[in-house]
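Each chain, written out:
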Amino acid sequence: MSKTKNLPESVDFTEKELINQSTELTEDEKRIVKSYLRKVDIRILPIVISIYIFSLIDRGNIGAALVFGLRATLGLTQSQEANATSVFYIIYILLETPSNMILKKFRPHYWFALIGILWSTSCILLSIAKNATTFTLLRGLLGAFESGYAPGVIGYYNYWYTRSEIGLRITLLFFAAPISGIIGGPLASKLASAN
C-alpha cells in the first residue's frame with residue numbers, strides 16, 4: 001500500500017522545492033510586497049523605535065541625575081555610585097539571552113507589554129528611593145526588565161520581515177541611540193532646573 005494514497009491526486013512529487021533561494025517576483029507581486037512592507041513599517045517601526053528611545057533615556061539618565069543632585073540627596077559614596085551605575089549593565093547583559101528564551105514561550109505583544117509595564121514601574125520607584133541600597137536594587141530591576149526589549153525586538157522582526165528586509169529595520173532601531181541622547185540630555189536639564 002502506498003503512503004501517498006490519501007493525498008489528493010493534484011500533489012506532484014516530481015517538482016523539487018527550492019530552499020533558501022529567492023525567486024523572481026512578477027511586477028504585480030512586487031507591488032503587493034511593497035504595499036505590505038509600507039503598512040507593516042507604519043504600524044510597527046514607530047512604536048518599536050519610540051519605546052527603544054525611552055528605554056535608552058531610562059538607562060542613560062543616571063549620569064544627569066548624579067550631576068543634578070542625586071548623589072547629595074541619597075548621600076552616595078563613590079562605591080555606591082559605581083554600584084548603582086554598573087548593576088544595571090551587569091544584569092542587563094546576563095539576562096538578555098534568558099529573556100529571549102522566555103519570549104519564545106509568550107506572544108510578543110504580551111511579553112513586550114509586560115516588560116514595558118515593569119520597567120516603567122521600576123523607573124517610577126527610582127524617583128522615590130530613599131537610600132543607596134533601594135536605588136541600586138531598583139536599577140538592577142530596571143536592567144532586568146529592559147534586557148528583554150532590544151534583543152526581543154530583533155527576534156520579533158523575523159515575524160514580519162524577510163532576511164533581506166531586516167537590515168534596514170535594525171539600522172533604524174539603532175538610530176534611536178543618538179536620538180535618545182538628543183532628547184535625554186536637554187530633558188534632564190529642564191527637569192533639574194524645574195526643581
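Summary of the structure given here. (Residues numbered from 1 in each chain as written. Predicted model: local features only at pLDDT ≥ 70, side-chain atom pairs only at ≥ 80, totals over all residues. Heavy atoms only, no water.)

### Section: a nonpolar patch on the surface
Here's step 1: A surface patch of nonpolar side chains, about 730 Å² in accessible area, is lined by L168, L172, F175, I179, I182, I183, L187 and L191.
Here's step 2: When contributions to the nonpolar patch are tallied by element, the ones reaching two or more residues are helix 6 (163-174) and helix 7 (176-194).
Here's step 3: For the nonpolar patch, the element with the most residues is helix 7, which contributes five residues.
Here's step 4: Residue position: F175 is located in the loop between helix 6 and helix 7. (Patch = residues over 30% accessible without salt bridge, like charges linked within 9 Å, V, L, I, M, F, W, Y side chains within 5 Å. Areas by Shrake-Rupley, 256 points an atom, 1.4 Å probe, with all protein chains shown as cover. Salt bridge = Lys/Arg side-chain N within 4 Å of Asp/Glu carboxyl O. Helix = DSSP H or I, 4+ residues; strand = E, 2+ residues; numbered from the N terminus.)

### Focus: the side chain of E146
Here's step 1: Summarising the element assignment, E146 is placed in helix 4 (residues 132-146).
Here's step 2: Apart from the residues lying within four places of it in its own chain, the contact partners of E146 are S55, D58, R59, F88, Y92 and W119. (Contact = heavy atoms within 4.5 Å.)

### Brief notes about the pattern of salt bridges
Once the charged atoms of two side chains with opposite charge are near each other, the side chains can pair.
Here's step 1: Overall, the coordinates contain six salt bridges when judged by the stated rule.
Here's step 2: Between R31 and D28 there is a salt bridge, with the nearest N and O atoms lying 2.4 Å from each other. Linking R31 with D28, this pair stays in helix 1 (residues 27-74), spanning three residues, or about one helical turn.
Here's step 3: A relative accessible area of 52% places R31 in the exposed class.
Here's step 4: Through salt bridges that share partners, E24, E27 and K30 make up one connected network. (Buried < 20%, exposed > 50% of the residue type's maximum accessible area, 1.4 Å probe, protein only.)

### Looking at the packing of aromatic side chains
Here's step 1: Applying the stated criterion across every chain, the model contains eleven aromatic pairs.
Here's step 2: Between F88 and Y89, the aromatic rings sit 4.9 Å apart at their centres with planes inclined by 80°, giving edge-to-face as the arrangement.
Here's step 3: Using a relative accessible area of 0% as the deciding quantity, one classes F88 as buried.
Here's step 4: According to the relative accessible area criterion, Y89 is partly exposed, its value standing at 37%.
Here's step 5: Taking 5.9 Å as the distance between ring centres and 20° as the angle between the ring planes, the aromatic pair formed by F106 and W111 counts as stacked.
Here's step 6: A relative accessible area of 43% places F106 in the partly exposed class.
Here's step 7: Given the relative accessible area of 9%, W111 is considered buried.
Here's step 8: Chaining the aromatic ring pairs together yields one cluster made of Y52, F112, W119, Y149, Y156, Y159, W160 and F174. (Phe/Tyr/Trp six-rings, centres within 6.5 Å; stacked < 30°, edge-to-face > 60°.)

### Some remarks on the packing of helix 2 (residues 78-105) against helix 3 (residues 108-126)
Any two packed helices are characterised by the angle at which their axes cross and by the distance between the axes.
Here's step 1: Relative to each other, helix 2 and helix 3 sit at 135°, their axes nearing to 8 Å. Considering the angle they form, helix 2 stands oblique to helix 3. Relative to helix 3, the crossing made by helix 2 is right-handed. Residues S99, I102 and L103 of helix 2 lie in contact with helix 3, whose contacting residues are P108, W111 and F112. (Axes fitted to C-alpha atoms, helices over the stretch in contact; angles between N-to-C directions. Parallel < 35°, antiparallel > 145°, perpendicular 65-115°, else oblique. Left-handed = near helix turned anticlockwise from the far one by under 90°.)

### Concerning helix 3
Here's step 1: For helix 3, spanning 19 residues, the distance from its first C-alpha to its last is 27 Å, which sits close to the expected 27 Å at 1.5 Å a residue.
Here's step 2: Among all positions of helix 3, only P108, W111, F112, I115, G116, W119, S122 and L126 are buried. All buried residues of helix 3 fall inside an arc of 130° around its axis, so they share one side. Among the exposed residues of helix 3, those pointing more than 90 degrees away from its buried face are Y110, I117 and I124.
Here's step 3: Turning to helix 3, the residues buried within the fold contact helix 1, helix 2, helix 4 and helix 5 (150-160). (Expected span 1.5 Å × (residues − 1). Arc of directions from axis to C-beta.)

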